[in-house]
Amino acid sequence: MTTEAAGAARAVAGRRRGAVPTGERVTGGLSQAVMIAASVVVVLPFLWTFVSSFKTTSQVLNSPFSLPDRLHLENYANAWTQAGIGTFFVNTLIVVGGALVLTMVMGSFCAYFLARFRFFGNRAIYLLMVAGLTFPIFLAIVPLFFILKGLGLLGTLPGLAITYSAFALPFTVFFMVPFFRALPASVTEAAAIDGAGEWRTFFSIMVPMARPAIATLSILNFVGLWNQFLLPVALNPDTSKYVLTQGMASFAGTAGYSIDFGALFAAVVMTIVPVLVVYLIFQRALSGSVVVGADK
């Protein structure tokens, strides 16, 4: 009986596979091939960098695609201490962490206000925020330099964090305004009937329902801020307050022909790992949905 049931299941599966149009199968196969190729292009350089971080300079130059003779963990120690990656890492955490918190808090407030309230100038403010996405960063370098200098924030970590947040805010508002608009109005009406004020409604209802959008934006903003290079180079001249992108460029550019490639690759790995960790932390929140939040 079990054999007959298994045969019937295979027959049904075969019919289902046969029912799929040839065009869909071809499209699906091409899509999978493209995704595999893209994954290889992304993963292989990282694996090569990771393996090279355990090699000596001579091994990197003489046999770049071979495995190391042993794990040269001193490369990570040299990168952290001698190259100053430890200091740059801490500075980057302070700047990016502060900018991310400021961006998400201010962006959520602004997006919620623009999405749920109607007032004169609402549309104009939203369009001005969206217009900030089209403004090239390099055109703002000179004004930002004098503004931060006049405020006494030039070459400081708080000044850099505020600047980061200012450039990340338009994208955050642009992304979250349609999200808040799509949330059911019945939820806020029920909260108002229960006596909840605007602040209580925002923090207790809207923010939990917007968790998927907040998680997505946190990842995107974190990656963008972590890899920022032009702003710190122009606005952060103090070497003791360098962030990772500045430190990596300085480390690779000042060593000349005597560069320690093992330590350099170790520094690159330490720069990439935090981004991967942040993604792993937030990926569960990405699987949430607004409908589930509303049902709760």
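Just so it is clear, the model here is predicted, and its values are computed rather than measured.

Thoughts on the overall build of the protein chain
And then number 1: When its secondary structure is counted, the protein chain shows 15 helices and zero strands.
And then number 2: Among the 296 residues that make up the protein chain, the fraction classed as buried is 34%.
And then number 3: In the protein chain, 73% of the contacts between residues at least 6 apart in sequence involve partners at least 24 apart.

Comments concerning the side chain of N122
And then number 1: For N122, the position within the fold is in helix α6 (residues 122-131).
And then number 2: In contact with N122, other than residues within four places in its own chain, are F113, L114, F117 and R181.

Describing the pattern of salt bridges
And then number 1: On inspection of all chains with the given rule, the structure shows two salt bridges.
And then number 2: For R70, the salt bridge is made with E74, and the minimal N-O distance between the two is 3.9 Å.
And then number 3: Since its relative accessible area comes to 47%, R70 is described here as partly exposed.
And then number 4: Residue E74 is classed as partly exposed on the basis of its relative accessible area, which comes to 32%.
And then number 5: The shortest N-O distance in the salt bridge between K241 and D238 comes to 3.2 Å.
And then number 6: On the accessibility criterion, K241 (27% relative accessible area) is partly exposed.

Quick look at the packing of helix α5 (residues 85-116) against helix α11 (residues 211-226)
Working note: a packed helix pair is described by the angle between its axes plus the distance between those axes.
And then number 1: At a closest axis distance of 10 Å, the pairing of α5 and α11 adopts a crossing angle of 140 degrees. With respect to α11, the axis of α5 lies oblique. The handedness of the crossing between α5 and α11 is right-handed. From α5, F89, T92, L93, V96, A99, L100, T103, M104 and S108 reach across to α11, where they touch I214, L217, S218, N221, F222, L225 and W226.
And then number 2: Looking at the contact of α5 with α11 residue by residue, the class counts come to 11 nonpolar, five polar and no charged.

Things to note about the nonpolar core
And then number 1: In terms of nonpolar packing, the biggest core is built from 60 residues, with I85, Y164 and F180 touching the most fellow members.
And then number 2: For this core, the leading source of residues is α5, giving 12 residues.
And then number 3: Filtering out sequence-adjacent residues up to four positions away, Y164 remains in contact with V95, V96, A99, L225, Q228, L231, P232 and V243.

Some details on the side chain of T49
And then number 1: Summarising the element assignment, T49 is placed in helix α2 (residues 22-52).
And then number 2: Residue classification places T49 among the buried residues on the basis of a relative accessible area of 11%.
And then number 3: At 2.8 Å, the side chain of T49 and the backbone oxygen of P45 are in polar contact.
And then number 4: With sequence-adjacent residues up to four places away left out, T49 is seen in contact with F265, V268 and V269.

A few points about the confidence of the model for the protein chain
And then number 1: Here the protein chain averages 81 in pLDDT, and 87% of its residues register 70 or above.
And then number 2: Below pLDDT 50 for its whole length, residues 289-296 participates in seven contacts with residues either more than four positions away or in separate chains.

Some words on the packing of helix α10 (residues 198-209) against α11
And then number 1: α11 packs onto α10 with a crossing angle of 65 degrees between their chain directions and a minimal axis gap of 4 Å. Residues V207, P208 and M209 of α10 form the contact with α11, whose participating residues are R211, P212 and I214.
And then number 2: Looking at the contact of α10 with α11 residue by residue, the class counts come to five nonpolar, no polar and one charged.

Brief notes about the packing of aromatic side chains
And then number 1: This structure, assessed with the given rule, holds 21 aromatic pairs.
And then number 2: Measuring from centroid to centroid gives 5.2 Å for W48 and F265, while their planes differ by 80 degrees, and the two rings are edge-to-face. With W48 in helix α2 and F265 in helix α14 (residues 261-286), the pair connects residues that are 217 residues apart, well separated along the chain.
And then number 3: Note on F265: relative accessible area 12%, which makes it buried.
And then number 4: Residues F50 and F54 carry aromatic rings whose centres are separated by 5.1 Å and whose planes lie at 85 degrees to one another, so their mutual orientation is edge-to-face.
And then number 5: Look at F54 and you get buried, because its relative accessible area is 11%.
And then number 6: Site record: aromatic cluster; members linked through ring pairs are F109, Y112, F113, F117, F119, F180, W199, F202 and F203.

Looking at α10
And then number 1: Those residues of α10 not exposed but buried are T201, F202, M206 and M209. Seen from one end, α10 has its buried residues packed into an arc of 95 degrees, which puts them on one side. Facing away from the buried side of α10 by over 90 degrees, the exposed positions are W199 and R200.

So, how was this worked out
- Residues numbered from 1 in each chain as written.
- Predicted model: local features only at pLDDT ≥ 70, side-chain atom pairs only at ≥ 80, totals over all residues.
- Heavy atoms only, no water.
- Helix = DSSP H or I, 4+ residues; strand = E, 2+ residues; numbered from the N terminus.
- Buried < 20%, exposed > 50% of the residue type's maximum accessible area, 1.4 Å probe, protein only.
- Contact = heavy atoms within 4.5 Å.
- Salt bridge = Lys/Arg side-chain N within 4 Å of Asp/Glu carboxyl O.
- Axes fitted to C-alpha atoms, helices over the stretch in contact; angles between N-to-C directions.
- Parallel < 35°, antiparallel > 145°, perpendicular 65-115°, else oblique.
- Left-handed = near helix turned anticlockwise from the far one by under 90°.
- Nonpolar A, V, L, I, M, F, W, Y, C, P; charged D, E, K, R; others polar.
- Core = buried A, V, L, I, M, F, W, Y, C linked by side-chain atoms within 4.5 Å.
- Polar contact = N/O pair within 3.5 Å; in protein donor to acceptor, adjacent residues only side chain to side chain.
- pLDDT = per-residue confidence, 0-100.
- Phe/Tyr/Trp six-rings, centres within 6.5 Å; stacked < 30°, edge-to-face > 60°.
- Arc of directions from axis to C-beta.

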